[in-house]
Amino acid sequence: MSLLYFSTLLAVAVLAGAQTQLLRGSCSFETDSCGYTSDPTFASWTINEEGRFITADSSSFGDKEKHVLVSPELELRDWSCVRLVYQISGSGSLQLHLRPEGENFDYTLWTAKKPSDSWLIASVDLRNTSGSYQLVFEAQPSRGMGNSVALFEIHIIPGYCLECDFEEHHLCGYSNHQWNPNVNWYVGRRFARDPQSNLPDDHTMNNERGHYMYADSIYVKRFQEVAKLVSPMTTSTMAGCLSFYYQRDQAVGNFFSVFTKDQLGHYEEIWRPDAYATTNWKLVQVDIKAPHPLEVVFEVAFNSPRGGYVALDDISFSPEFCHTETEPAFDPSVANCDFEEGLCQYYQEQTGGSVWNRVSVRPNVYRIGDHTTGTGSFLLANTRHTSRPGYVGRLFGPSLPGNQKYCLRFYYALHGFMKIDNALALYVYDENNVAQEKIWTVSERSKDVWTEVEVTYLKPMPTKVAFVSICRSFWDCGLVSLDDISVTLGDCRVTTGALNPPPGHCNFETGDCGYTQKKKAKKGHWLQIRGQTPTSYTGPKGDHTLGVGYYMYIEASHMLPKQSARLLSTELRGSTGPQCLIFFYHMYGSGTGTLNVLLHEGDRERVLWARQGEQSVSWMKATVDYECYTRHWIIFEAVRGSSIRSDIAIDDVVFKKGPCKDPGDSISYSGFSENFNEIEY
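Every residue gets a number counted from 1 within its own chain, in the order that chain's sequence is written. This being a predicted model, a pLDDT of at least 70 is required before a residue's local features are given, and a value of 80 or more before pairs of side-chain atoms are given or counted; all residues contribute to the totals for chains, interfaces and linings. Values shown for side chains rest on all heavy atoms present in the structure; no hydrogens or waters enter the calculation.

- By the naming in an unreviewed UniProt entry, the chain is MAM domain-containing protein 2-like, taken from Carassius auratus.

**Points about the overall build of the chain**
Then step 1. Strands here mean DSSP runs of E at least two residues long; helices mean DSSP runs of H or I at least four residues long; both are numbered from the N terminus. Counting its secondary structure elements, the chain contains one helix and 41 strands.
Then step 2. For the chain, the proportion of its 681 residues judged to be buried stands at 55%.
Then step 3. Two residues qualify as a contact provided that any one of their heavy atoms is within 4.5 Å of a heavy atom in the partner residue. The long-range fraction of contacts in the chain, counting pairs at least 24 apart against all pairs at least 6 apart in sequence, stands at 80%.
Then step 4. For the chain, the accessible surface area stands at approximately 30,800 Å², while carbon and sulfur atoms represent 49% of it. Burial classes follow relative accessibility: with a 1.4 Å probe on protein chains only, a residue under 20% of its type's maximum area counts as buried, one over 50% as exposed, and anything between as partly exposed. To be clear on the numbers: accessible area is Shrake-Rupley with a 1.4 Å probe, and residue cover counts the displayed protein chains and nothing else.

**A word on the state of the cysteines**
Then step 1. Disulfide: a pair of cysteine sulfur atoms within 2.5 Å of each other. Considering all chains together, one arrives at eight disulfides under this definition.
Then step 2. The disulfide bridge from cysteine 164 ends at cysteine 172, spanning 2.0 Å between sulfur atoms. An S-S torsion of about 75° defines the bridge between cysteine 164 and cysteine 172 as right-handed. No difference in accessibility class separates cysteine 164 from cysteine 172, as the two residues are buried.
Then step 3. Between the sulfur atoms of cysteine 580 and its disulfide partner cysteine 660 the distance amounts to 1.9 Å. Here the disulfide of cysteine 580 and cysteine 660 is right-handed, its torsion about the S-S bond being about 110°. With a gap of 80 residues between them, cysteine 580 in strand β35 (residues 579-587) and cysteine 660 in the loop between β40 (648-657) and β41 (679-680) connect regions that are remote in the sequence.

**Focus: the pattern of salt bridges**
Then step 1. We count a salt bridge whenever a side-chain nitrogen from Lys or Arg sits within 4 Å of a carboxyl oxygen from Asp or Glu. Scanning the model with the defined rule gives 16 salt bridges in all.
Then step 2. Residues joined by salt bridges that share partners form a network here, namely Asp39, Glu571 and Arg631.

**A word on empty space enclosed by the protein**
Then step 1. Cavity means a closed set of points on a 1 Å grid over the protein atoms alone, one where a 1.4 Å probe fits but cannot get out, pocket means an open set with protein on both sides within 12 Å along at least 5 of 7 lines, and lining means a residue has an atom within 4 Å of a point. Grid points are joined across faces, edges and corners, and a volume is the space filled by probe spheres set on the points. Inspection of every chain in the model, using the stated rule, returns three cavities of 30 Å³ or more.
Then step 2. Broken down by element, the residue count for the lining of the largest cavity peaks at three residues, all from strand β25 (residues 404-415).
Then step 3. Of the residues in the lining of the largest cavity, the class split is seven nonpolar, three polar and two charged.
Then step 4. Tallying contributions element by element places strand β29 (residues 463-471) first for the lining of the second largest cavity, with three residues.
Then step 5. Class assignment for the residues of the lining of the second largest cavity results in eight nonpolar, two polar and one charged. Residue type decides the class: Asp, Glu, Lys and Arg count as charged, Ala, Val, Leu, Ile, Met, Phe, Trp, Tyr, Cys and Pro as nonpolar, and the leftover types, Gly among them, as polar.

Pasting the structure below:
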């Protein structure tokens, strides 16, 4: 998120007479809180006695952990921008969340942790929505004297946060990338800085009173001195037409370009001028696609003090592309497949018989089922349907457009391989079926565990991926399993994944997600672990999320029969509509006990779901529909069975607005198949 020091702004700009239209939810805290209220569950925010700002101070914590400020109910049907003026004194953090009506969890839009001696500005995009929602400000000043978080101003305006005419003192959150004493972007007017610099009237008002941004070469000391004007970071997926006006003097003495910059610091040039010096404001329209957060960077480089100037004004954005030849934003989900209903758009070579086959395994205690539900379908490569003792199996995906960065995720498992060389590799092919690059290969045995792989790749031409499994000799080969392929736009490091889960999701990879338990001497405990549990013939070999990650489980060898362990979720708000709970559970072992899911509301508890006894060697998917109109908690209760082979585990817990569309394991299982090793083709 782009920040700009308020003191610097006031020194270089004057508030224009015309005020931007403010929408409901805006507040300057002059006399009251404009309908914003402190959540009584947490510490209270306090309006300053002289007005002008509202504060969350560590001295008012008591036994509370944070301050939560909730807006009145909002219904903004069009895209809008929230601009905050805030300050973190000492140590602490401030977060802005979106709270949709009827959902248990808030969606984090923005976070700040950097302390400052002055006011800072932040800009956050709000997508147009059909339902009502609230904005939630969560402040956590660190305990101790002198730590506080303050909100000076909340402005909600129509339009996009990228847009700016530079007529207001906050400059819409635009800032210099790094302050250079010789070359920077400044707020300009006709008579700004040097009367001899021949700076223009602004474009917005077309007179000396209007403002714009400019970079001048007057004080250049070195060759290629650079000034970068950086927009606020986008906070929502965007695609459309970016427009702006510029003037450029002495074009042979400067270089002017526009870039996008992502969260990883990668730059991509999207425009450079095709004209030399311009005596009038010139309109530029360029199409941009922002599937993930990015900044727009206006960069000027000067070679000497005679490099002239570049002026910029009236930046705007439209969700419609400005050029008809621009392809619409591509949806790579066409390459997603969980193989539950077929092969989707995947296909394979037919020479020598089908190597990849869609199969399913009934719940049993010898062979793992699919990754999606534990009882569904997946792809298996083996020699059963080939005419030779060895094989080369290529599974091709659909063609995807070039010049796009893709994040490909999938799960694989190996069974029975003596040698893993060439067991599974991933290639990128062009449209002529020519292999361009091997982008991944299996490097270690997965030991009958579904293991996640994520690969980022970018090619200039249309391409398709190919999963390739090669078996040189029947005696060296085993079974290769493949499931849950997904493709998204962008680098895997910034897209939603195991280490960046969405709200309401908990995979225990980075902690306990705020889940708690009361540890008593005569009670068992839920433990966080990765890999296989200590006791043989019970518990999973790896987690469900990554195969090599963390999950929660009870260690039966530390408990007595019928002892229980209870894991309590974070508090859920409740709503008037149905709620959906999804999770994966693992119940393998001859002495396995019971797993219960309970709803705790007030002083009452009721069972929502239960399983008893050994179920499968696989992770199994459970979906639970329930309704609760008030604040409540969900409890995962595991009861130890008759022997130490009674480890019970859970992973990938998801709360979302109901009803659950996927029936999951709504049909109860006996836990066994008559043929424990049966694979259905």
